[in-house]
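Structure assessment
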Amino acid sequence: MVYFVYALVLMTLVSFSVTTSSFHLAQTLANYFPKEAAFVCIGSLIIGYSLMNRKTNFIYSNKYLFWFLCLVIVQFFMNYYIPMFNIDDNGRYPIVLWPIKPTLNIIIGVLLIKVLAEHLTGKDWVKIFKFLCWTGFILSVYALSQWCEIDPIFKNFQKNFVNKGMTRSQLMFTFLSHKTLTAAFIALTAPLCLMFNENKYKVFLGIMVLAVILADSILAMAGLFVALTIYLLIRKNIKTAILVTVIAVLIAGYFGITTKHFFSDNGRMAVWQRSTADVLNNSPLVGFGHGSFQKKYSDTILVLFAHNDYVQELNEGGIVGLLIVSLFIYHLVLKFFYVVFEKFFIVDIVLLCCLCVLLIICFGSFPFHYAPLAVIGILYISYIESRNTNWRLT
């Protein structure tokens, strides 16, 4: 029971991260308490609490995360301290600030995975997963109300968007500032409803699937339908899995015909090719440093992020960084496959599906660079890491 505080604080972290992510709140709350501040402050609180516990193991068991942490710290020294030795013509020392925030976020994220995997119990994970189900459901209901042009919170903004000729799906920005981020959040949390037997969670799942479809985000739909298909195949429900696949193809075909640029990359491919060529020609091994993408490619259509976490990791972490991340994902998935098919616990099956959604969304979005989605990713990875321990879920 003492570690229930972790579950409570994590729920608060998700809540603050979601509600302070909207650009509509930027003029008020988000200016003073943005999502990055919520992540850093509450994440540091969790880590600090664990360090005061005598049972905390200070040796990092996952070698891939440890290597990645070392790479990030080395890059920080290279990009922050080394430029200080280059005095300009006026005798001033240049101060580079851009590596500070992304380095801090990565360190906190990696340490959170260690802390949560070691200390959270089975009951804590169940509470967290139920909370995420409710969060995704409430966000889905709000997104559907926006699709119906009923928005009691951002009513004035919605009127302006309607007057500008935006589609109904584009109105589903909720608290996450964009429909694709809303769809990604819902798609990441929807499969969790499969682990509970109560009928209300089946209703939750149906509403969340509907919200993802109406948001017409191809990645969120692909991730969610792939997750549902994998779940049904593992549970040996072959006929339903085929039906879900056919429905997914029909939905994709419908949006491909009726929605302009549904299958378009929106100019992202050109930026991916440019950023990949830059890093391979100039700094192929260790990249340009985490947090440098925004600085180097602010003149492109992708102002802040690459909209592809794998491409951005190659650009910022180089071949070494991408290799470490790839090895971590490979061993994470491989190990979890053994756990799923050996124990066959419903929670493990569902978390495998959630991990598939996360990895698919990384191909066209930036979940690990956006606090609300990053928190969910950290929770899922922490749970999978925790399966090395002896506790069991019923």
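Reading guide: rules and limits
- Residues numbered from 1 in each chain as written.
- Predicted model: local features only at pLDDT ≥ 70, side-chain atom pairs only at ≥ 80, totals over all residues.
- Heavy atoms only, no water.
- Core = buried A, V, L, I, M, F, W, Y, C linked by side-chain atoms within 4.5 Å.
- Buried < 20%, exposed > 50% of the residue type's maximum accessible area, 1.4 Å probe, protein only.
- Contact = heavy atoms within 4.5 Å.
- Salt bridge = Lys/Arg side-chain N within 4 Å of Asp/Glu carboxyl O.
- Helix = DSSP H or I, 4+ residues; strand = E, 2+ residues; numbered from the N terminus.
- Polar contact = N/O pair within 3.5 Å; in protein donor to acceptor, adjacent residues only side chain to side chain.
- Expected span 1.5 Å × (residues − 1).
- Arc of directions from axis to C-beta.
- Phe/Tyr/Trp six-rings, centres within 6.5 Å; stacked < 30°, edge-to-face > 60°.
- Lys NZ or Arg CZ within 6 Å of the ring centre and 35° of its normal.

Some details on the nonpolar core
F129, L192 and L351 are the most contacted members of the largest nonpolar core, which totals 99 residues. Among residues more than four places away in sequence, those in contact with L192 are F129, L132, C133, V350, L351, C354 and Y380. If you look at the next biggest cluster of nonpolar residues, it comprises nine residues, including W272, F293, A306 and V311.

Things to note about the pattern of salt bridges
Across all of its chains, the model carries two salt bridges by this definition. Close ionic contact of E118 with K114 constitutes a salt bridge, the shortest N to O distance being 2.7 Å. Placement of the pair is E118 and K114 together in helix α5 (residues 100-119), with a separation of four residues, close to one helical turn. Look at E118 and you get partly exposed, because its relative accessible area is 30%. We note a salt bridge from K179 to D216, for which the minimum N-O separation is 2.5 Å. Taken together, the residues span a long stretch of sequence, with K179 in helix α8 (residues 179-189) and D216 in the loop between α9 (199-214) and α10 (218-234) at a distance of 37 residues. The pair formed by K179 and D216 is uniform in burial state, with each residue classed as buried.

Details of the side chain of S292
Looking at the secondary structure, you find S292 in the loop between α12 (268-282) and α13 (293-296). In this structure S292 comes out as buried when scored by relative accessible area, which is 2%. Polar contacts involving the side chain of S292 include one to the main-chain carbonyl oxygen of G289, which spans 2.7 Å. Setting aside residues no more than four positions away along its own chain, S292 makes contact with W98, N315 and E316.

Things to note about the environment of A220
With respect to the helices and strands, the residue A220 is situated in helix α10. The exposure class assigned to A220 is buried, which follows from its relative accessible area of 2%. When the C-alpha atoms of A220 and I360 are compared, they prove to be 8.2 Å apart, with 140 residues separating the residues in sequence. Excluding its chain neighbours within four sequence positions, the residues that come into contact with A220 are A183, A184, A187 and V212.

Some words on helix α4 (residues 63-80)
For α4, spanning 18 residues, the distance from its first C-alpha to its last is 26 Å, which sits close to the expected 26 Å at 1.5 Å a residue. Listed in full, the buried residues belonging to α4 are Y64, L65, F68, L69, L71, V72, Q75, F76, N79 and Y80. Buried positions in α4, seen along its axis, are confined to an arc of 160° and lie on one side of it.

Describing the packing of aromatic side chains
Across all of its chains, the model carries 14 aromatic pairs by this definition. Taking 6.2 Å as the distance between ring centres and 85° as the angle between the ring planes, the aromatic pair formed by W134 and F137 counts as edge-to-face. One end of the pair, W134, and the other, F137, are both in helix α6 (residues 122-147), three residues apart, so they sit about a helical turn from each other. Using a relative accessible area of 36% as the deciding quantity, one classes W134 as partly exposed. Arranged with centres 5.5 Å apart and planes meeting at 75°, the rings of Y201 and F204 form a pair that is edge-to-face. Of this pair, Y201 and F204 both sit in helix α9, three residues apart, which is roughly one turn of that helix. F204 shares its class with Y201; the two are buried. Joined through ring pairs, the aromatic side chains of W134, F137, F196, Y201 and F204 make up one cluster. Between the NZ or CZ atom of R168 and the centre of the ring of W147, over which it lies, the distance is 5.0 Å.

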